Amino acid sequence: MARRADQLGLHSAMADRLIPMLVGAMSFLAVLAIAGVIAAAALAAQWQGDTGAALTVQVPDANAPAASGAGDRKGAVLGVLAATPGVTGPKALSDAELDRLLKPWLGEDAQNLALPVPAVITASWSGAGSIASLRAALDEAAPGTLAETGARWAARVAALTASLKTSAAAILVIVALVASAVIAIATHAGLAQRRETIAIIHGLGALDSDIAGRFALRATLLAGFGAIIGAGLAVPVLLWLARLAAPFAGVLPQTGAPSLPPLLWAVLPAIPIAAALIGWVTTQFTVRGWLRGLA
Amino acid sequence: MVRFEDVWLKYRRAGEASLVRLTGAGSANAAPPDVVSGVSFEIPDGGFRWLIGASGAGKTSVLKLIYLAERPIRGDIDILGTRVGKLDRRELALLRRRIGVVYQDFRLLPHLSAYDNVALPMRLARRPEAQIKADVTELLRWVGLSEKHQSRPYELSGGEQQRIAIARAVIGRPKLLVADEPTGNLDDEQAERLMLLITALNRLGTTVVVATHNLGLVARYPAPHLEIAGGRLVADG
Ligand SMILES: Nc1ncnc2c1ncn2[C@@H]1O[C@H](COP(=O)(O)OP(=O)(O)OP(=O)(O)O)[C@@H](O)[C@H]1O
Ligand SMILES: [Mg+2]
């Protein structure tokens, strides 16, 4: 193929540094954008799983008699929770656990401050029933009881993830457009430099597809090569970021070498393929458009 | 067969479209002149025509219309039995492959050897390399440049370049051969050899049009002429 291209004298017709370098830089950015979305999505999924399903109930005056008169308020609340479909594993925090929870806020010996500390019960919430009717039932059993789920937080994280996804999509579009523009400019320069040669070959009966094909082959190889280098260089950077982010994200193993989500490894090879495709399509359009200037 | 019916040609000026938009119609830019004005003629299959006329008369312009490098602004052209105006780009390219052209300025590819320049039409037609080798070697011997097959055009004299251009024009066994001043850089002996080749091809059925100023040559090879003056056909026969 290269030999044939050389016979038409189009071999060196395109700058062989500009395209790989700029397409490489664009690919680097594309990988970072995609990695950001994957990390955000993983984080959101985890929040939706853990936090969204968490139900926290606070019972003030936990040891006072219940409204029904049988047992204390905490017992009454536990009874309601046990009887509510969708709530599993209700568990009252022990004093020691509560101390540990409050210590950062209240200091040592929270109990000694004689503050009226409510009892705290945690449970899993499947989201099947309505939180409003659960609240009503709890309030009847022990007025003043508060119930909170993590759904609100999970929704906020989901919104954040969605906006990150939109930004990443915008970045990918811009990066693709810039890559395409760079390739179009390089192709135009190559065409101008080879104007006479192309006119002669055209006059001898070369098809537009012959000429466009030769330019496109070269652009495809240069863009693909640049993208492999650019995407490859992004990997160590991402590993470094993963190491920084691991303690927060929790999605990555916290011991041993940092690693990247499998989805990212799967997406990585798509970058050079996309770059090569952009190279091919852009060059075909550019060269065929230019050839229309010839009779 | 080559047929022109009331053919007109005007060259577009470079950047004309944008100029017109900037300055508006009817401004200082006069419309470009017609270089071919209402030309009609017919050359039958296997015919031979001299195309003569003073410098700047429009000979090259008429040839460009024949070898499909320009399209007329008006009129109909039939080349090898095909109405040119109806062809799409691909069909035009395929028709060009059946026309051999010797350009006035040779138009060789400077970075290719003499051999590769001559081989170009066969390579575009994707002929097998063995056949290309046989045909190119034979033709280079015929034009007397076997020894120089590896030379680049800039290493060759004007006459040698012209012979390469002629070899390239005939290697595809064209049905129509168009030559623009093909003897311009040749000595008398080379010019005679070239005319022998052209007349031999013509006897084998190739339609031939040769533009020249060289009236001595025209006298030695009597054939019908088309005479151009100021873009108009002033004599046919
Ligand atoms: N590409 C072009 N753009 C604009 N005008 C052109 C172009 N080529 C030729 N002309 C003009 O068209 C006219 C005819 O030129 P043409 O080359 O056809 O003449 P010719 O008969 O071949 O002359 P010569 O014998 O000197 O080769 C000339 O006035 C020339 O200036
Ligand atoms: Mg001329």
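Preceding block: the structure.
Scope of this entry: the structure provided in the associated data block. (Residues numbered from 1 in each chain as written. Chains lettered and ligands numbered in written order. Predicted model: local features only at pLDDT ≥ 70, side-chain atom pairs only at ≥ 80, totals over all residues. Heavy atoms only, no water.)

Turning our eyes to something else, we now look at helix α7 (residues 195-203) of chain A. Since the α-helix packs 3.6 residues into each turn, any two residues three or four apart lie on the same face. Residues and elements named next belong to chain A. Burial analysis of α7 places 7 of its 9 residues in the buried class, which makes it a mostly covered element. Among the residues of α7, T197, I198, A199, I200, I201, H202 and G203 are the ones counted as buried. One or two residues past the end of α7 sits G205, with phi positive at roughly 100°. (Buried < 20%, exposed > 50% of the residue type's maximum accessible area, 1.4 Å probe, protein only. Helix = DSSP H or I, 4+ residues; strand = E, 2+ residues; numbered from the N terminus.)

This brings us to the interface of chain B and chain A. Contact with chain B, which involves 25 residues of that partner, is made by 25 residues of chain A. At the boundary of chain B with chain A, total buried surface from both sides reaches about 2,200 Å², with 54% on carbon and sulfur atoms. When the buried area of chain B at its contact with chain A is split by residue, R89(B), R96(B) and L124(B) rank highest and sum to 31% of it. Summed over the shared surface of chain B and chain A, the number is 4 salt bridges. D210(A) is the salt-bridge partner of R97(B), the closest N and O atoms lying 3.6 Å from each other. Linking chain B to chain A there are 8 residue pairs in polar contact (both at pLDDT 80 or more). When residues of the side of chain B that touches chain A are traced back to their parent elements, those giving at least two are α3 (89-96) and α4 (114-124) of chain B. For the side of chain B that touches chain A, the element with the most residues is α3(B), which contributes 5 residues. In the side of chain B that touches chain A, the residues fall into 11 nonpolar, 1 polar and 13 charged. (Contact = heavy atoms within 4.5 Å. Buried area = accessible area lost by both parts, 1.4 Å probe. Salt bridge = Lys/Arg side-chain N within 4 Å of Asp/Glu carboxyl O. Polar contact = N/O pair within 3.5 Å; in protein donor to acceptor, adjacent residues only side chain to side chain. Nonpolar A, V, L, I, M, F, W, Y, C, P; charged D, E, K, R; others polar.)

What follows deals with the site of ligand 1. Residues and elements named next belong to chain B. All residues in the neighbourhood of ligand 1 are listed as Y11, V35, A54, S55, G56, A57, G58, K59, T60, S61, Q104 and H213. Between an oxygen atom of ligand 1 and a side-chain N or O atom of S61, the distance comes to 2.6 Å. Expressed as a share of its isolated accessible area of 630 Å², the protein-covered part of ligand 1 is 60%. Looking at which element gives the most residues to the shell around ligand 1, the answer is helix α2 (residues 59-66), with 3 residues. (Near = heavy atom within 4 Å. Areas by Shrake-Rupley, 256 points an atom, 1.4 Å probe, with all protein chains shown as cover.)

So, on to the sheet that holds strand β1 (residues 54-59) of chain A. Residues and elements named next belong to chain A. What the 4 strands build is an open sheet, ordered β2-β3-β1-β4; its pairing is antiparallel. Looking along the sheet, the strands with just one partner apiece sit at the ends: β2 (87-92) and β4 (146-149). Averaged over all pairs of adjacent strands, the angle between their axes in this sheet comes to 20°, without regard to strand direction. With 4 bridges connecting them, β2 and strand β3 (residues 119-125) associate as antiparallel partners. Residue pairing in the sheet places T88 in a bridge with S124 of β3. Across the face of the sheet, helix α3 (residues 73-83) comes into contact with β1, β2 and β3 while running at roughly 155° to β1. (Pairing = 2+ DSSP bridges. Axes fitted to C-alpha atoms, helices over the stretch in contact; angles between N-to-C directions.)

With that out of the way, let us pick up empty space enclosed by the protein. Residue and element names in this part refer to chain B. Taken as a whole, this structure holds 3 cavities of 30 Å³ or more when the rule is applied. One number sums up the size of the largest cavity: a volume of about 50 Å³. Along the walls of the largest cavity sit W142, V143, R163, I166, Q190, R193 and L194, which together make up its complete lining. At the level of secondary structure, the elements contributing two or more residues to the lining of the largest cavity comprise α6 (158-170) and α7 (188-203). Here the lining of the largest cavity gets 3 residues from one element, more than from any other, and that element is α7. Partitioned by chemical class, the residues of the lining of the largest cavity number 4 nonpolar, 1 polar and 2 charged. Estimated volume of the second largest cavity: approximately 40 Å³. Every residue lining the second largest cavity is listed: L65, L68, E70, R71, P72, I77, V84 and L92. (1 Å grid on protein atoms, 1.4 Å probe; cavity = no way out; pocket = protein on both sides within 12 Å on 5 of 7 lines; lining within 4 Å. Points joined across faces, edges and corners; volume = space filled by probe spheres on them.)

To continue, consider the sheet that holds strand β5 (residues 82-83) of chain B. Residue and element names in this part refer to chain B. Pairing in this open sheet of 4 strands is antiparallel, and the strands run β2-β1-β4-β5 from one edge to the other. Strands with a single pairing partner mark the edges of an open sheet, and in this sheet they are β2 (34-43) and β5. For strand β1 (residues 2-10) and strand β4 (residues 74-79), the ladder comprises 5 bridges, and the chain directions are antiparallel. When the sheet's bridge partners are listed, E5 is paired in β4 with D76.

Attention shifts here to the coordination of the magnesium ion (ligand 2). Residue and element names in this part refer to chain B. Surrounding the magnesium ion (ligand 2) are the protein donor atoms T60 (OG1) and Q104 (OE1), at 1.8 to 2.4 Å. Of this pair, T60 sits in helix α2 while Q104 sits in the loop between β6 (99-102) and α4, and the two are 44 residues apart along the sequence. Residue classification places T60 among the partly exposed residues on the basis of a relative accessible area of 24%. (Donors = N, O, S within 2.8 Å, 3.2 Å for Na, K, Ca; no water.)

Walk down a regular strand and you will see the side chains alternate between the two sheet faces. All names here are of chain B. Every second residue of strand β9 (residues 225-229) is oriented toward a common face, the buried set being L226 and I228 and the non-buried set H225, E227 and A229. Here 3 bridges tie strand β3 (residues 48-52) to β9, and the two strands are oriented parallel to one another. Each residue of the ladder has a partner; that of L51, found in β9, is L226. Relative to strand β10 (residues 232-236), β9 is paired through 4 bridges, and the arrangement is antiparallel. Looking at the pairing, E227 lines up with A235 of β10. In this antiparallel pair of consecutive strands, β9 and β10, the connection spans 2 residues, and G230 shows a positive phi of 55°.

All right, on to the nonpolar core then. Residue and element names in this part refer to chain B. Ranked by size, the top nonpolar core spans 40 residues in total, and within it F48, W50, V136, I164 and I198 carry the most contacts. Elements that contribute at least two residues to this core include exactly β3, α4, α5 (129-142), α6, β7 (176-180), α7, β8 (207-211) and α8 (215-220). Contacts of F48, omitting those with residues within four sequence positions, involve M195, I198, N202, V208, V210, A223 and P224. Judged by nonpolar contacts, the second largest core, of 32 residues, contains F41, I77, L80 and V101. (Core = buried A, V, L, I, M, F, W, Y, C linked by side-chain atoms within 4.5 Å.)

Distances and angles like these do not, on their own, reveal function.
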